[in-house]
Amino acid sequence: MLMETERLIIRRFEKNDWKDLFEYLSQEAVVKYEPYDVYDEKSSIEEAAYRSQSDSFFAVCLKENNKLIGNVYFQQQEPKEFLTWEIGYVFNPDYYGQGYATEACKRVMKYGFEELGTHRIIGQCNPENTASWRLLERLSMRREGHFRKPVFFKKDNSGKPIWHDSYEYSILEEEFFTV
Ligand SMILES: CC(C)(COP(=O)(O)OP(=O)(O)OC[C@H]1O[C@@H](n2cnc3c(N)ncnc32)[C@H](O)[C@@H]1OP(=O)(O)O)[C@@H](O)C(=O)NCCC(=O)NCCS
């Protein structure tokens, strides 16, 4: 499984990707809006091994030096006959602000629509995560809803859920090929 863009190679994870994964998943700011806490070396080794067996995670690497700079998540939703996939992304801050996430997500979306028979792609994020919804809008996805506190990822010190709002975005196959 290999995809190419102007500046990137997008491939399946390999076990020995764990160091690059650790480089960004170990940062508080990177996982702030994710449903997990920072990774240490041991959990990064386990995560790279898990992702190497998963169809849902793509490693995004720079063509110029093969450096793994982030990942795109692309997971089919249930029921499968609705042909809907969710897209997600986490990148290394050293590589923000250069359009790499946009370039990688566009390519994975094209793969979905052209190769997997995807009908609809959704993306969700916390409204406070401006970088995330700006990316969804650069991908020509449309904001369909602002849900009030439907979810929590983390708990406060007394064990209470920290509920947060969620934006939901989508794009349909017929829109992707006309934008
Ligand atoms: C979400 C995330 C991937 C966005 O990263 P990003 O660097 O803003 O996105 P891109 O790589 O697409 O870069 C876009 C930026 O590069 C600029 N840019 C430069 N060259 C560009 C190019 N060739 N093409 C597109 N944009 C380009 C854009 O103008 C934009 O900058 P701006 O936000 O100041 O307008 C990143 O913030 C992240 O990993 N966050 C932590 C994890 C996370 O929260 N994930 C989402 C959970 S819902």
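Residues numbered from 1 in each chain as written. Predicted model: local features only at pLDDT ≥ 70, side-chain atom pairs only at ≥ 80, totals over all residues. Heavy atoms only, no water.

Trainee: Looking at this structure, I do not really get the nonpolar core. What am I missing?
Mentor: The nonpolar side chains of soluble globular proteins are, as a tendency, buried together. By size, the foremost hydrophobic cluster in this structure holds 33 residues, and its most contacted members are V72, I87, F91 and M141. The set of elements that each furnish at least two residues to this core consists of β2 (8-11), β3 (57-62), β4 (68-76), β5 (84-91), α4 (100-116), β6 (120-125), α5 (130-138) and β8 (161-172). The element that contributes the greatest number of residues to this core is α4, accounting for eight residues. Non-local contacts of M141, meaning those with residues more than four positions away in its chain, are made with I87, M109, I121, I122, G123, L136, Y169, S170 and I171. Counting residues in each nonpolar core, the second largest holds 15 residues, with Y24, L25, V31 and A59 among its members. (Core = buried A, V, L, I, M, F, W, Y, C linked by side-chain atoms within 4.5 Å. Buried < 20%, exposed > 50% of the residue type's maximum accessible area, 1.4 Å probe, protein only. Helix = DSSP H or I, 4+ residues; strand = E, 2+ residues; numbered from the N terminus. Contact = heavy atoms within 4.5 Å.)

Trainee: In this structure, what is going on with the pattern of salt bridges? I would like to understand it.
Mentor: Side chains that carry opposite charge are capable of pairing whenever their charged atoms lie near each other. One pass over the full model with this rule turns up 14 salt bridges. Between K42 and E46 there is a salt bridge, with its nearest N and O atoms 3.0 Å apart. Taken as a pair, K42 and E46 lie in helix α3 (residues 41-52) at a separation of four residues, close to a single helical turn. Assessed through its relative accessible area of 57%, K42 is described here as exposed. Classification of E46 as partly exposed rests on a relative accessible area of 45%. In this structure, the salt-bridge partner of E47 is R51, at a minimum N-O distance of 2.8 Å. Of this pair, E47 and R51 both sit in helix α3, separated by four residues, roughly a single helical turn. With respect to burial, E47 and R51 carry one shared label: buried. Within this structure, R11, E14 and D17 form a network of salt bridges that share partners. (Salt bridge = Lys/Arg side-chain N within 4 Å of Asp/Glu carboxyl O.)

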